[in-house]
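# Summary of structural features
Below are the chains, spelled out letter by letter.
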Amino acid sequence: MSLLQEEREIILSNEYVDNFDFAEVEDFVKNASKELFISHHFKNKKKMLVQPRGGFPTYKKQFALNEFFVEANVDVLPLTIDSNTRLNDYATAKKMLRLSEENEIDMLNGYPLVNHGYRTTRKMITHFNKPVSLRHGTPDARLLIETAIASGIFEIEGGPITYLLPYSKNFPLDKAFLYWKYVEKICANYSKLNEPINRESFGPLTATLVPPAITIVIQIIEMMLSLEEGVKSFSVSFSQTGSMNQDIVMGAVIKKLARHYAQEINCADATINLVYHQWMGAFPTNKDYAEQLINMSTVIAAMVGADKIITKTREEASGIPTKEANAKTVANTQYTLGILNGLPNIVDKEEEEILTLEVHAIMEAVLNDPADTLWRKAFNSIKSGIIDVPFSPHIINHNEMITIRDAKKNIRIIKRGNVPIPDRCFEYEKAQCDLTKDTTSIVNDIIHDIGIMQ
Amino acid sequence: MKVVTGVVGNDIHVVANRLIELSLNARGFEVFNLGVNTYLEEFFDAVVETGADILLISSLNGEAEGWSREIKLLKSKYKNLDNLVMMIGGNLVVGSADAETIIPKYKNYGFDLVFHQVDLNTGLDTLEEFLKERNK
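For clarity, every value in this text was computed on a predicted model and none was experimentally measured.

Cut-offs applied
Residues numbered from 1 in each chain as written. Chains lettered and ligands numbered in written order. Predicted model: local features only at pLDDT ≥ 70, side-chain atom pairs only at ≥ 80, totals over all residues. Heavy atoms only, no water. Helix = DSSP H or I, 4+ residues; strand = E, 2+ residues; numbered from the N terminus. Rg over C-alpha atoms; globule rule 2.2 N^0.38 Å. Buried < 20%, exposed > 50% of the residue type's maximum accessible area, 1.4 Å probe, protein only. Contact = heavy atoms within 4.5 Å. UniProt positions renumbered as here; feature names shortened; annotations may be inferred. Pairing = 2+ DSSP bridges. Phe/Tyr/Trp six-rings, centres within 6.5 Å; stacked < 30°, edge-to-face > 60°. Lys NZ or Arg CZ within 6 Å of the ring centre and 35° of its normal. Axes fitted to C-alpha atoms, helices over the stretch in contact; angles between N-to-C directions. Left-handed = near helix turned anticlockwise from the far one by under 90°. Nonpolar A, V, L, I, M, F, W, Y, C, P; charged D, E, K, R; others polar. Patch = residues over 30% accessible without salt bridge, like charges linked within 9 Å, V, L, I, M, F, W, Y side chains within 5 Å. Areas by Shrake-Rupley, 256 points an atom, 1.4 Å probe, with all protein chains shown as cover. Salt bridge = Lys/Arg side-chain N within 4 Å of Asp/Glu carboxyl O. Core = buried A, V, L, I, M, F, W, Y, C linked by side-chain atoms within 4.5 Å. Domains from an automatic or database assignment. Expected span 1.5 Å × (residues − 1). Arc of directions from axis to C-beta. Polar contact = N/O pair within 3.5 Å; in protein donor to acceptor, adjacent residues only side chain to side chain. Buried area = accessible area lost by both parts, 1.4 Å probe.

## What to know about the overall build of chain A
Across its full length, chain A holds 18 helices and 10 strands. For 454 residues, the compact-globule estimate of 2.2 N^0.38 gives 22 Å, and chain A sits close to it at 21 Å. C-alpha atoms of chain A, sized along the principal axes, occupy 65 × 55 × 40 Å. Taking all 454 residues of chain A together, 61% fall into the buried category. For chain A, contacts bridging at least 24 residues in sequence account for 74% of all contacts bridging at least 6.

Have a look at this one:
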């Protein structure tokens, strides 16, 4: 038995998991409907795929949510996992699931997939016969991903950096890298049986003034880590920045550079998709404005040429959206996409050049780290501040980089910390901003800039 | 002057925490920022370790109330903290309540300055005035 298989046996013999039948699961994946694979839809699509967010504790409610979504013409169904499962606390998830089932109130903020098990969940997934995207936020997702694929979920979101730096204070980053390496291997192995399993990185990060260069570097690193293990279909992503021009520049550069770095590691045969998240920052409390903002996001997604868009709802500012609000936003987004035809092609050469130089400079510093593997290089780069995510709560992140918005609402770097932003680019970024102000005024600007959509 | 700051409990909301650090630095304070997800003991340990004059706790998701109940008891276990200025700010309840009920409650917990859903600069201006008055 291979080492990987031994590891799998140990992970899947968890007391909260019903008996795992590897041969049966393999057989299921081999014969699964092509419709369940998002990679199949990416390959044959004629339009941008639309995917909402959403997850409920009980099977019954999750089923009802999916029915609503299908009614609203969804292209990709979501399955959001509860926060106990994210922390591998299956005992609490089990208890809360029972309470939810017995009392008709939701005691979990998502679907506890491990507790429901793959035999049950597969019935739902195959019933709707639409691709499902697993949304979670788990540093150690090994058991979760085994259960997801066995259930018929063939798109897995997350990664060692993007599911850690925005969500955790002190989960060990080196462990996250190793646990995700396992996930990539499992996805790669199952990909050989049918259509490829798609992996998707989580580009929004902290959703607060993250400069495009940092987002792109992290997207590329997670993509490379995944392709290295044999994954053949990968989605890079980012969220609306608040500047239409910066979004369009970012879309162009991320597409170009993702392909470039895939080639660098001889993985040009993999398919790279682009996913765009509607505004992820603080939402306006005025629901009409929220709808305008969402509509604007859809227009920008079309302009950046996204392969998939992930939607928000008009209720975002006031708590967890209802299934009706979620379904409505899917229908509205589909409508907007349907009337957006023949958009102009906008190119900002200077901005593209600056951003490209920044990404290359940071990537060069990461790849020049003397460590022997890419994950160790990335680990060292985060530790030394070569990669620095503004507003990350994690202790390993340097938080030396400071960003503000310029007059056109572009996110600009005004303090680079240890991030190797080339001098020329740094001067350009600063030149777009009014830096004659005292520090207190600049801090006030940052406070204002975070709430750009208010 | 030295300030220890951080977000209390299992709260992971970091944006305001960073802004508090930046603002305090800009105002000339020496800042020891413990970041998010910080327990009360860690706050007091840091105050002792750094010899801080001010403890500024922040909270967004409402869990400060659960934690603050234990402050007096805990503080009494540490020596020489009588002159420590205790300040708290952010979103201080789960659900909604007005400042009139919240402020006395938190003062009773042992805080000198309490700010519920108040602009950061207003809070820090008040802190500076408070310090000026006290050092007269």
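## Details of the UniProt feature "coiled-coil region" (unreviewed entry) in chain B
As recorded in UniProt, the sites labelled "coiled-coil region" (unreviewed entry) are residues 57–84 of chain B. Counting secondary structure, residues 57–84 of chain B comes out at 39% helix and 11% strand; the distance between its end C-alpha atoms is 13 Å.

## Let's talk about unusual backbone geometry
Positive phi, close to 60 degrees, is recorded for Asn88(A), a residue that is not glycine. You can see Asn88(A) is positioned in the loop between helix H5 (83–86) and helix H6 (90–103). In this model, Asn37(B) sits at a positive phi of 55 degrees, which is unusual for a non-glycine residue. Structurally, Asn37(B) can be placed in the loop between strand S2 (30–33) and helix H2 (40–50).

## Quick word on the pairing of strand S2 (residues 77–80) of chain A
Residue and element names in this part refer to chain A. Residues Leu77 and Leu79 line one face of S2 and the alternating positions Pro78 and Thr80 line the opposite face, and both faces are buried. Note: S2 against strand S3 (residues 132–135), four bridges, orientation parallel. Considered in S3, the bridge of Leu79 is made with Leu134.

## Topic: the packing of aromatic side chains
Aromatic ring pairs: the centre-centre distance and the angle between the two ring planes describe each pair. Under the definition given, this model contains 18 aromatic pairs over all chains. Ring geometry for Tyr39(B) against Trp67(B): centres 5.2 Å apart, planes inclined by 20 degrees, an arrangement best described as stacked. Here Trp67(B) lies in helix H3 (residues 64–68) and Tyr39(B) lies in the loop between S2 and H2, a separation of 28 residues in the sequence. Put simply, the rings of Tyr163(A), Tyr167(A), Trp180(A) and Phe202(A) pair up and form one aromatic cluster. Across from the ring centre of Phe28(A), 3.8 Å away, lies the NZ or CZ of Arg122(A), which sits over that ring.

## A few points about the packing of helix H12 (residues 244–264) of chain A against helix H13 (residues 287–304) of chain A
All names here are of chain A. Across the interface, H12 lies against H13 with an axial gap of 9 Å and an inter-helix angle of 35 degrees. The way H12 lies across H13 gives a crossing that is right-handed. Of the residues in H13, those touching H12 at Met244, Asp247, Ile248, Gly251 and Lys255 are Met296, Val299, Ile300, Met303 and Val304. Each residue belonging to the contact of H12 with H13 can be placed in one class, and the counts come to seven nonpolar, one polar and two charged.

## Observations concerning the environment of Glu350(A)
All names here are of chain A. Structurally, Glu350 can be placed in helix H15 (residues 349–367). Glu350 sits in the partly exposed class, given a relative accessible area of 46%. In sequence terms Glu350 and Val249 are 101 residues apart; their C-alpha atoms lie 9.6 Å from each other.

## Focus on a nonpolar patch on the surface
A cluster of nonpolar side chains, Leu99(A), Ile105(A) and Met107(A), forms an exposed patch at the surface whose accessible area comes to about 230 Å². Topologically, Leu99(A) is positioned in helix H6.

## A few points about the nonpolar core
Of all hydrophobic cores here, the largest spans 123 residues; its most connected members are Leu134(A), Ile145(A), Ile149(A) and Met223(A). Per element, the largest residue contribution to this core is 11 residues, and it comes from helix H11 (residues 212–228) of chain A. Two domains share this core, each providing at least three of its residues, namely domain 1 (3–339) and domain 2 (352–451) of chain A. Residues Ile411(A), Val3(B), Val14(B) and Leu56(B) belong to the second largest nonpolar core, which totals 29 residues.

## A few points about the sheet that holds strand S6 (residues 233–239) of chain A
Residues and elements named next belong to chain A. In spatial order, the strands read S1-S8-S7-S6-S5-S4-S3-S2; together these eight strands make up an open sheet with parallel pairing. Unpaired on one side and paired on the other, strand S1 (49–51) and S2 mark the two borders of the sheet. Averaged over all pairs of adjacent strands, the angle between strand axes in this sheet comes to 25 degrees, irrespective of strand direction. Strand direction decides the pairing type here: strand S7 (residues 271–277) and strand S8 (residues 308–310), joined by three bridges, are parallel. Bridge pairing in S8 places Tyr276 opposite Ile309. Sheet strands in contact with H12 are S6 and S7, and its direction is about 155 degrees off that of S6.

## Quick notes on helix H18 (residues 439–450) of chain A
Residues and elements named next belong to chain A. With 12 residues, H18 extends 17 Å between its outermost C-alpha atoms, agreeing within 8% with the 16 Å of an ideal straight helix rising 1.5 Å per residue. Where H18 is concerned, the buried positions are Ile442, Val443, Ile446, Asp449 and Ile450. Buried residues along H18 cover an arc of 120 degrees about the axis, so they all sit on one side. With a side-chain oxygen positioned 3.2 Å from the backbone nitrogen of Thr440, the residue opening H18 is Asp438.

## Observations concerning the interface of chain B and chain A
Chain B puts 14 residues into the contact, and the matching count from chain A is 16 residues. Summed over both partners, the interface of chain B with chain A comes to about 1,200 Å²; 69% of that surface belongs to carbon and sulfur atoms. Counting across the interface, chain B meets chain A through zero salt bridges. Taken together, the links from chain B to chain A amount to seven residue pairs in polar contact (both at pLDDT 80 or more). In terms of residue count, the dominant contributor to the side of chain B that touches chain A is helix H1 (residues 15–26) of chain B (six residues). Here the residues of the side of chain B that touches chain A are counted per class, giving nine nonpolar, four polar and one charged.

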